[in-house]
Amino acid sequence: MRSIPFREALREAMNEEMRRDDRVFLMGEEVAEYNGAYKVSQGMLAEFGEKRVIDTPIAELGFTALAVGAAQNGLRPIVEFMTWNFAVLPMDQILNTASKMLAMSGGQIGCPIVFRGPNGSAGQLGAQHSTAFESYYANIPGLKVVSPSNGYDAKGLLKQAIRFEEDPIIFMESEVMYGDKCDIPDEEYYIPLGKADVKRQGRDVTIVSYNKMMKVALGAAEELEKEGISAEVIDLRTIRPLDWETIVESVKKTNRLVIVEEQWPFASISSEITYRIQKEAFDYLDAPIRRITSADAPMHYAPNLAALAIPDIERTVKLVKELITQKK
C-alpha cells in the first residue's frame, strides 16, 4: 500500500492502461511538453512519445472531433480538458456525435473514449471557470458520468473506463483535490461503474454526495456524531448510471435523506435522486428529503462570496439537525 496524491493515482491509471494497450493515447492542452496543466500527465511524454501523448492547440472543438473520430475507428483516446468549462465549446461533438453514434449506426460504430479534467469551483476563478457540470452530461443518453472523491476510487474507475467501457465516459475530477493523498494498493484493481460506496455507516440520517463535496458530507457526519446523531454517508462515485439501490437500502435503515452537491439547484442531480427515492422508498421516509446545493447564481470571484455560494459543513450540520426534528 502506498500513499500518493490524487493526480498520481490518475497518472498511474493512464500509464498502466497505455502500457497494456497501444490503442490508448492521451491528448489535450499542455499534456506533453509541460507535463500537464496540473501535472497529472507528468513524465508520460518521455515514456510513450509524442504519437501517444499529444499536445493540442487551444481548440477544444477541433481536437475533441479528432479524438471522437479516432475512437470510432478503433482507437481508445483519453481527452484532457484543462477545465470542463472549456468543454462547452465541443459540446456538439460530445452530445451530437459521441453519445449518439452507437444508436444512429444501429450498433455498428461505437465511441470508446474518456473525456477527463477538473470540474466545479476551485477558488477565485470567477464565474466562467467555476461551473459544476455533472447534471449537464448526466442528462445525455449514451454517456456515462463519473465523479470520484478520492484517489483510490479515481484510479479504479479510470482504469475501468479506459479498458472496459465501450461508451463515451465523462470523467470529472476536482482541481482542489489533485494534491490530496490516498492509500493505493500495489496490486492492480478496477472499480465497476454504477456502484456507490458507503463511506460511513450510520443509523439516523443518510447523507449522499460525490466529488469534493464528500469532504463536506464526511465532515458534517463527524460533527453530528459529537451531538449523538449517527449519519450514514454514501459516495455516489458514478452519476450515470446511478446506484439507486444503495441509497434506497440506506434510507430504509435511517428513514431520512440529505443530499449535498455542488450543482445549481434547478434540474440537478439531487432533484433526480429526490424524485426516485420518494417513488421507491416513500413509506420509509420519516421526514421530507432535504438538500444543500450551490447558490442559484453565477460564482463570484470574491472569496467571501464564493464561500457563501458553496455547501459547507456548518450549513450541512444545521440542515441535518432540522431534519431530525421534522416530520413527513
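Read on for an overview of the structure. For every chain, the first residue of the written sequence is number 1, and numbering continues from 1 onward in sequence order. Given that the model is predicted, a residue must reach a pLDDT of at least 70 before its local features are reported, and side-chain atom pairs must reach 80 or more before they are shown or counted; all residues, however, enter totals for whole chains, interfaces and linings. By convention in this description, side-chain values take in all heavy atoms of the structure and omit both hydrogens and water.

### Overview of the pattern of salt bridges
For step 1, the next point in the chain: Salt bridges are counted wherever a side-chain nitrogen of Lys or Arg sits within 4 Å of a carboxyl oxygen of Asp or Glu. Tallied over the entire structure, the rule returns 32 salt bridges.
For step 2, the next point in the chain: Lys 253 serves as the salt-bridge partner of Glu 232, at 2.5 Å between the closest nitrogen and oxygen. Remark: Lys 253 occurs in helix H9 (residues 244-254) and Glu 232 occurs in strand E11 (residues 231-235); sequence separation between them is 21 residues.
For step 3, the next point in the chain: Judged by its relative accessible area of 38%, Lys 253 falls in the partly exposed class.
For step 4, the next point in the chain: Salt bridges linked by common partners bring Arg 2, Glu 12, Glu 16, Glu 17, Arg 20, Asp 21, Arg 23, Lys 155, Lys 159, Asp 186 and Glu 188 together as one network. Numbering of helices and strands starts at the N terminus; helices are DSSP runs of H or I of at least 4 residues and strands are runs of E of at least 2. Whether a residue is buried, partly exposed or exposed follows from its accessible area with a 1.4 Å probe, protein chains only, as a fraction of its type maximum: under 20%, in between, or over 50%, in that order.

### A word on the packing of aromatic side chains
A ring pair, where both rings are aromatic, is described by two values, the distance of the centres and the angle of the planes.
For step 1, the next point in the chain: Centres within 6.5 Å make a pair out of two Phe, Tyr or Trp rings, where for Trp the six-membered ring is used; the pair is then stacked when the planes are under 30 degrees apart, edge-to-face when over 60, and tilted otherwise. The tally for this structure, following the rule as stated, stands at 10 aromatic pairs.
For step 2, the next point in the chain: A connected cluster of aromatic rings, assembled from ring pairs, spans Phe 63, Phe 81, Trp 84, Phe 115, Phe 133, Tyr 136 and Tyr 137.
For step 3, the next point in the chain: Definition used: whenever NZ (Lys) or CZ (Arg) falls within 6 Å of the ring centre and also within 35 degrees of the ring normal, the charge is taken to sit over that ring. A cation sits over an aromatic face here: Lys 39 above Tyr 34, 3.7 Å from the ring centre.

### A word on the nonpolar core
For step 1, the next point in the chain: Counting residues in hydrophobic clusters, the biggest one holds 44 residues, and the most contacted among them are Tyr 137, Ile 247 and Ile 273.
For step 2, the next point in the chain: For this core, the secondary structure elements donating two or more residues are strand E2 (24-28), helix H3 (60-72), helix H4 (91-98), helix H6 (134-138), strand E7 (169-173), H9, strand E13 (257-260) and helix H10 (269-281).
For step 3, the next point in the chain: With 5 residues, the single largest contributor to this core is H3.
For step 4, the next point in the chain: Working rule for contacts: check all heavy atoms of both residues, and any pair within 4.5 Å makes them a contact. Setting aside residues up to four positions removed in sequence, Ile 247 forms contacts with Val 208, Ile 234, Leu 236, Leu 242, Leu 257, Ile 273 and Ile 277.
For step 5, the next point in the chain: Nonpolar core, defined: a set of buried Ala, Val, Leu, Ile, Met, Phe, Trp, Tyr and Cys residues in which side-chain atoms within 4.5 Å join the residues together. Within the second largest apolar cluster, 33 residues are counted, among which are Phe 6, Leu 10, Ala 32 and Ala 161.

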